[in-house]
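Fold and contact review
As a plain string of letters, each chain reads:
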Amino acid sequence: MKRRDFLAATAASGVMLSMPGILNAAGEGLSTHVPDKPFLSWFNVDEAVMRKVMSELVARGADAADLYFEHNRGNAIAMEDGIISSARSWIEQGVGLRVVIGDQTGYAYTEDLSVDAMLKAARTAAAIAKGSKGVPPQHFNAGPAGKMYRIAMPWSEVKIDDKLARVRRLESLARKQDAAVNKVTINWSDYEQQVVIATLDGRVVADYRPMTHLWCTVSAEKNGVRQSNSANLSGRYGMDHYTDERLQVLAKKAVDNTLVLFGARRPPAGEMPVLLASGASGILLHEAIGHGMEADFNRKGISIYSDMLNKKVANPHVTIVDQGTLAYERGALNYDDEGNPAQRNVLVENGTLRGYLHDGISARHYKVAPGGSGRRESYRHAPMPRMTCTFMENGPHSRGEMIASMKKGIVAETYTNGQVSIGAGDFTFYIKNGWLVENGRITAPIKDCNIIGNGPQVLRDITMVGGGSSMDTGGWTCGKNGQSVPVSLGMPSVLVSKMTVGGEHAG
């Protein structure tokens, strides 16, 4: 498979801040913002119309079919040197219509939610079908409202002045951190997505999905030398998440990430042990390993893991999970985009590959239940297996124990970009911040180097797994087959016995 750029935090680096615990409960007292009849209230479509459109969609045959109604509203603000440089808002709405026969998918969408337009789109999607006529449901049974991201106030009701106050406060806090700071850029965004999914088997689910992202970029100058770096915070939160304490932590992290670069240097090049720091190092877990465990790549024989179910792939201390039910995480979902409840999927258990991430098509192929992993970018796209919140569970080792075991190596802390070949798992990741380890001690900060390797091999070369597993708080967005979706990632500190480090050559 063609190499591709790996997913990137919109803020350019995933940054560790104070974060919700992996199994935090959702706020029971807050609203889901889902009305009693969301298809009617949100889209002015009643059950009779949904039955009519579904009937047209499956008229030529179907193993499965769904209607995916979506309404998106978003806002973005950018501040540079205390001046609002841009502000924009947008709204989009439409419905995607999908029919599935075997491994074939017919798909069409329309922004026009009139009955005639939806029937026309249904006929277009149904054109691929060759089979006995599908039987549409006589009525739809509504699923319960989810609890993964209840917030007090929908973003559409938050005043612009309240948002600007947070933006200005963050900019002020960053400038106050250090006299060397000479430029601060703040980017704010908030979104709300309303979806209703109706399926051929008579299920209908609705979900209100909030999202917010705050990004602080800092430039500093010392003795004519300039450095810049950033920190960001994202999740399915409401306005009340942006407390002054969180803004102070975000500002300090952005400045600290920048100032450490003045004393940093590139590490020596060569093969050496690498300690992947907790949190943002989950990017390697996601890209170089996680994609290879998505069922479509395995069903098509692209992934190296295609014939490795129930085989050992890692050290017994390694357990890898993808779990959409982590409250308020950026990748969290009440329901996936096929209407199936999100759940906990164990991919690797104590070093053994136990399963793949499935959408409906791959679940039928492998004769397993859907795993809540069918995701799509929007109503314009058909769903496919995707990660949600991917992490490695804690192990028995301490960070100090890992560092003490390293004669010469590095600690990788934050990342900016890279490339991954999904099939083979070969990767290159660019490290923005890290540390040099010599004779069991951290001796100096490092910057601007690559780590190069192979995901499945790195998985086998993990020798120690630490505690303190944490999800990174950054605004990670995953790209696959032309579609982008929000995700979360994380891990504990992990020691890889050897990786190639692209640093400075001696002499």
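Everything discussed here concerns the structure shown above.
A brief structural summary. (Residues numbered from 1 in each chain as written. Predicted model: local features only at pLDDT ≥ 70, side-chain atom pairs only at ≥ 80, totals over all residues. Heavy atoms only, no water.)

**Some words on the overall build of the protein**
Put simply, the test is: A helix here means a DSSP run of H or I that spans at least four residues, while a strand means a run of E at least two residues long, and both kinds are numbered starting from the N terminus. All radius of gyration figures rest on C-alpha atoms, and the globule criterion is 2.2 Å times the number of residues raised to 0.38. To sort residues, take the accessible area from a 1.4 Å probe on protein chains only and compare it with the maximum for the residue type: under 20% means buried, over 50% means exposed, and anything in between is partly exposed. A contact between two residues is defined here by any heavy atoms of the two lying within 4.5 Å. Accessible surface is estimated by sampling points in the Shrake-Rupley manner with a 1.4 Å probe; for residues, cover comes only from the protein chains shown.
Summing up its helical and strand segments, the protein has 10 helices and 26 strands in all. Taking 23 Å as the expected radius of gyration for a compact globule of 507 residues, we find that the protein reaches 24 Å, a close match to that expectation. When its C-alpha atoms are laid out on the principal axes, the protein stretches across 75 × 55 × 40 Å. For the protein, buried positions account for 58% of its 507 residues. Counted over contacts in the protein with a minimum sequence separation of 6, partners at least 24 positions apart contribute 77%. Total accessible area on the protein is roughly 19600 Å²; 49% of this is exposed by carbon and sulfur atoms.

**Points about the pairing of strand β12 (residues 344-349)**
Basically, it comes down to this: At least two bridges found by DSSP between two strands are what make those strands a pair.
Here four bridges tie strand β11 (residues 320-323) to β12, and the two strands are oriented antiparallel to one another. Paired with Asp 322 across the strands is Asn 345, a residue of β12. When β12 meets strand β13 (residues 352-353), the two strands line up antiparallel, connected through two bridges. Within β13, the position partnered with Glu 349 by the bridge is Thr 352. Here β12 hands over to β13 after two residues, with Asn 350 in that stretch at a positive phi of 50 degrees.

**Remarks on helix α6 (residues 282-290)**
Judged by how many residues are buried, α6 sits mostly within the fold: nine of nine residues are covered. Along α6, the residues classified as buried are Gly 282, Ile 283, Leu 284, Leu 285, His 286, Glu 287, Ala 288, Ile 289 and Gly 290.

**A word on the side chain of Asp 296**
What counts, and what does not: A 3.5 Å cut-off defines polar contacts: any pair of N or O atoms within that distance qualifies, except that in protein one atom must be a possible hydrogen donor and the other a possible acceptor, and neighbouring residues in sequence count only when both atoms are side-chain atoms.
As for its position among the elements, Asp 296 is in helix α7 (residues 295-299). A distance of 3.0 Å separates a polar atom in the side chain of Asp 296 from a polar atom in the side chain of Lys 480. Apart from the residues within four sequence positions on either side, Asp 296 is in contact with Met 384, Pro 385 and Lys 480.

**Quick look at the environment of Ala 180**
Mapped onto the elements of the fold, Ala 180 is located in the loop between α4 (160-177) and β7 (181-199). Between the alpha carbons of Ala 180 and Arg 168 there is a distance of 19 Å; along the sequence they are 12 residues apart.

**Considering empty space enclosed by the protein**
Stated precisely, the cut-off is as follows: Residues are said to line a cavity or pocket when one of their atoms sits within 4 Å of a point; the points come from a 1 Å grid over protein atoms alone, cavities being sets where a 1.4 Å probe fits but cannot get out and pockets being open sets with protein on both sides within 12 Å along at least five of seven lines. Grid points are joined across faces, edges and corners, and a volume is the space filled by probe spheres set on the points. We call Asp, Glu, Lys and Arg charged. Ala, Val, Leu, Ile, Met, Phe, Trp, Tyr, Cys and Pro are nonpolar, and the rest, Gly among them, are polar.
Within this structure, the stated rule accounts for five cavities of 30 Å³ or more. Here the largest cavity defines a volume of roughly 50 Å³. Considering the residues around the largest cavity, the lining is formed by Thr 32, Val 34, Ala 145, Gly 146, Lys 147, Met 148, Tyr 149, Arg 150, Asp 207, Tyr 208 and Asn 334. Of the residues contributing to the lining of the largest cavity, the split by class is five nonpolar, three polar and three charged. Size it by volume and the second largest cavity reaches roughly 40 Å³. Forming the boundary of the second largest cavity are Leu 276, Leu 284, Leu 285, Ile 289, Met 392, Val 458, Ile 462, Met 491 and Val 494. A total of three residues in the lining of the second largest cavity trace back to one element, the largest contributor, which is α6.

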